[in-house]
Amino acid sequence: MTELELLSPREVPLGGPRAMTVRRTLPHRERSFVGAWCFVDHYGPDRVAATGGMDVAPHPHTGLQTVSWLFSGEIEHRDSAGVHAMVRPGELNLMTAGSGICHSEVSTPATDELHGVQLWVVLPATARDTGRDFQHHAAEQVELADGITGRVFLGDLAQERSPVRTFTSLLGAELTLAPGTDTRLPVPAGHEHAVLVDRGGVRLNGRELAAGDLGVLERGPSRLELGSDGPARVILLGGEPFTEEIVMWWNFIGSDHDEVAGFREEWQAHGDRFGAVRGYRGETGRIPAPAIPGVRLRPRGRVAGSRRERH
């Protein structure tokens, strides 16, 4: 059986001056990617009256796609491609940054509870200079296996297919497990997979995962063994192994230190690469970039640090 790697979350602030706390499992010091998934943030359930909700002022991105997925609440999205959209539970919003975009994210006044995930996908070098884009998909809830219902928002799973376009082969799905579930879920062979536990506890290939954990399986298995004693909900991610090296710093993905440092300079100078967000009404007009570290940014590959890929 393929060895399972368990990544535990760490709490980090997200969103500039009015930062909200999120639980981040990727990137991790042990791993940079699962497929082309390079960033996994998990937040809530938060009572907005107590936390203030989400108010992320305009900020830039390059070289990636952002995936917004909610369990509860509503978020208003605005970007420099002129898109104004709402993020709602069960509906995928996928924004492609390509060579440069900026956007804002604000929970709406109607939101009492905010709960969801924010995910990033790294673009391959051949697509990193693509244009800005935005896709929306309301994923239908269907039965995927014995004891498992869910919504497939990216890729293919159990004969369900998302129409959303990606630049590498990816899988993204919300799965709900009934009490007493013990099943084998077919997945694309040769892909890497990860299960993020949102609520409850689950067993992945015989190993217990608690809420907040990310269980990662290397490429190879064509079925995942999923079980739960009580009700549970998870996010399933997968994809072809991403073998390129990138420099990932703050909100930028580039090929090397100099390119990323150039992105920062352009953002600070209000350059045309990123454009401007219209209609954002927060107190902070835009989030300034932090200072570049005093050492050169190092590229990261499929497995972080000096740790070798398992076979």
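Just so you know, the residues in each chain are numbered from 1, in the order the chain's sequence is written. At least 70 in pLDDT is required for a residue's local features to be given in this predicted model, at least 80 for side-chain atom pairs to be given and counted, and no such filter applies to totals for whole chains, interfaces and linings, which use all residues. Hydrogens are left out, water is left out, and the side-chain values use all remaining heavy atoms of the structure.

An unreviewed UniProt entry lists the protein chain under the name Pirin, from Enemella dayhoffiae. Listed under Sequence similarities (unreviewed entry) in UniProt, the entry text for the protein chain is "Belongs to the pirin family." UniProt positions are given in the numbering used here, feature names are shortened, and annotations may be inferred rather than shown by experiment.

Next up on the list: the overall build of the protein chain. Across its full length, the protein chain carries two helices and 26 strands. The globule rule is 2.2 Å times the number of residues to the power 0.38, and the radius of gyration it is compared with is taken over C-alpha atoms. Computed over the C-alpha atoms, the radius of gyration of the protein chain is 19 Å, within 12% of the 19 Å expected from 2.2 N^0.38 for a compact globule of 311 residues. In terms of overall dimensions, the protein chain has C-alpha extents of about 55 × 45 × 35 Å along its principal axes. Residues classed as buried in the protein chain amount to 55% of the 311 residues present. Note on definitions: a residue-residue contact is assigned when non-hydrogen atoms from the two residues lie within 4.5 Å. In the protein chain, the share of contacts with a sequence separation of at least 24, taken over all contacts with a separation of at least 6, comes to 72%. The Shrake-Rupley method, run with a 1.4 Å probe, gives the accessible areas here. Residue values count only the displayed protein chains as cover. When the accessible area of the protein chain is evaluated, it comes to approximately 13200 Å², of which 45% is carbon and sulfur surface. Counting rule for charge: Lys and Arg are taken as positive, Asp and Glu as negative, and neither His nor the chain ends is counted. Note on charges: their place is set at NZ of Lys, CZ of Arg, CG of Asp or CD of Glu. When the 33 basic and 41 acidic side-chain charges of the protein chain are each reduced to a single mean position, those positions are 3 Å apart. Counting from the N terminus, the helices are the DSSP runs of H or I reaching at least four residues and the strands are the DSSP runs of E reaching at least two. Residue exposure (1.4 Å probe, protein chains only): buried if accessible area is under 20% of the type maximum, exposed if over 50%, otherwise partly exposed.

With that out of the way, let us pick up the sheet that holds strand β23 (residues 223-228). What makes two strands pair is DSSP finding at least two bridges between them. An order of β18-β23-β20-β21 is seen for the four strands of this open sheet, with the pairing classed as antiparallel. Edge positions in the open sheet fall to β18 (181-186) and β21 (207-209), since each of these has one partner strand only. Here the average twist between neighbouring strands, direction ignored, is 30°. Lines fitted to the C-alpha atoms define the axes, with helices restricted to the stretch that makes contact. Angles between their N-to-C directions range from 0 to 180 degrees.

Before going further, it helps to spend a moment on empty space enclosed by the protein. Cavity means a closed set of points on a 1 Å grid over the protein atoms alone, one where a 1.4 Å probe fits but cannot get out, pocket means an open set with protein on both sides within 12 Å along at least 5 of 7 lines, and lining means a residue has an atom within 4 Å of a point. Grid points are joined across faces, edges and corners, and a volume is the space filled by probe spheres set on the points. Applying the stated rule across the entire model yields two cavities of 30 Å³ or more. Around the largest cavity sit Tyr43, Ser68, Trp69, Leu70, Ile75, Val87, Glu105, Val117 and Gln118, which together line it. Take the lining of the largest cavity: its biggest share by element is three residues, from strand β6 (residues 64-72). For the lining of the largest cavity, the per-class residue count stands at six nonpolar, two polar and one charged. Surrounding the second largest cavity, Thr66, Ser68, His77, Asn93, Leu94, Met95 and Phe134 form its lining. Taken together, the elements giving at least two residues each to the lining of the second largest cavity come down to β6 and β9 (91-96). No other element matches the three residues that β9 contributes to the lining of the second largest cavity. Think of it as three bins: nonpolar holds Ala, Val, Leu, Ile, Met, Phe, Trp, Tyr, Cys and Pro, charged holds Asp, Glu, Lys and Arg, and polar takes everything else, Gly as well.

Attention shifts here to the nonpolar core. The set of buried Ala, Val, Leu, Ile, Met, Phe, Trp, Tyr and Cys residues whose side-chain atoms join them within 4.5 Å is what this entry labels a nonpolar core. Residues Trp37, Val67, Phe153 and Leu154 are the most contacted members of the largest nonpolar core, which totals 40 residues. Contributing elements (two or more residues each) for this core: β4 (37-47), β6, β9, β11 (113-122), β14 (148-154), β19 (192-199), β22 (214-217) and β24 (232-239). Counting 25 residues, the second largest nonpolar core, distinct from the first, contains Ile75, Cys102, Val277 and Ala289.

Take the sheet that holds strand β8 (residues 84-87) next. Across the sheet, four strands lie side by side as β5-β10-β7-β8; this open sheet has antiparallel pairing. This sheet does not close on itself; its edge strands, each paired only once, are β5 (55-61) and β8. Pairs of neighbouring strands in the sheet enclose a mean axial angle of 20°, with direction left out of account. Where strand β7 (residues 75-79) meets strand β10 (residues 101-107), five bridges bridge the pair, whose relative direction is antiparallel. Each bridged residue has a counterpart across the sheet, and for arginine 78 the counterpart in β10 is serine 104.

For the rest of this paragraph, the subject is the pattern of salt bridges. Each salt bridge in this description consists of a side-chain nitrogen of Lys or Arg and a carboxyl oxygen of Asp or Glu lying within 4 Å of one another. Summed over the entire model, instances satisfying the criterion amount to 16 salt bridges. Between arginine 47 and glutamate 113 there is a salt bridge, with its nearest N and O atoms 3.8 Å apart. Of this pair, arginine 47 sits in strand β4 while glutamate 113 is found in strand β11, placing the two residues 66 residues apart along the sequence. Here arginine 184 and glutamate 225 are joined by a salt bridge, their closest N and O atoms 2.8 Å apart. Of the two residues, arginine 184 is situated in strand β18 and glutamate 225 in strand β23; the sequence distance between them amounts to 41 residues. Judged by its relative accessible area of 48%, arginine 184 is partly exposed. The network of salt bridges with shared partners includes Glu5, Arg31 and Glu218.

For the rest of this paragraph, the subject is the layout of surface pockets. By volume, the second largest pocket amounts to about 240 Å³. Lining the second largest pocket are 16 residues, with Asp55, Glu76, Val106, Ser107 and Arg281 positioned closest to its centre. Every element with two or more residues in the lining of the second largest pocket is listed here: β7 and β10. Of all the elements, β10 adds the most residues to the lining of the second largest pocket, at three residues. In the lining of the second largest pocket, the residues fall into five nonpolar, six polar and five charged.

Once that is clear, we can look at the side chain of glutamate 105. Among the secondary structure elements, glutamate 105 is positioned in strand β10. We note that glutamate 105 is buried and unpaired, the nearest opposite charge coming from arginine 24 at a distance of 10 Å. The contacts of glutamate 105, once residues within four sequence positions are left out, are Met54, Asp55, Val56, His59, Ser68, Ile75, Glu76 and Gln118.

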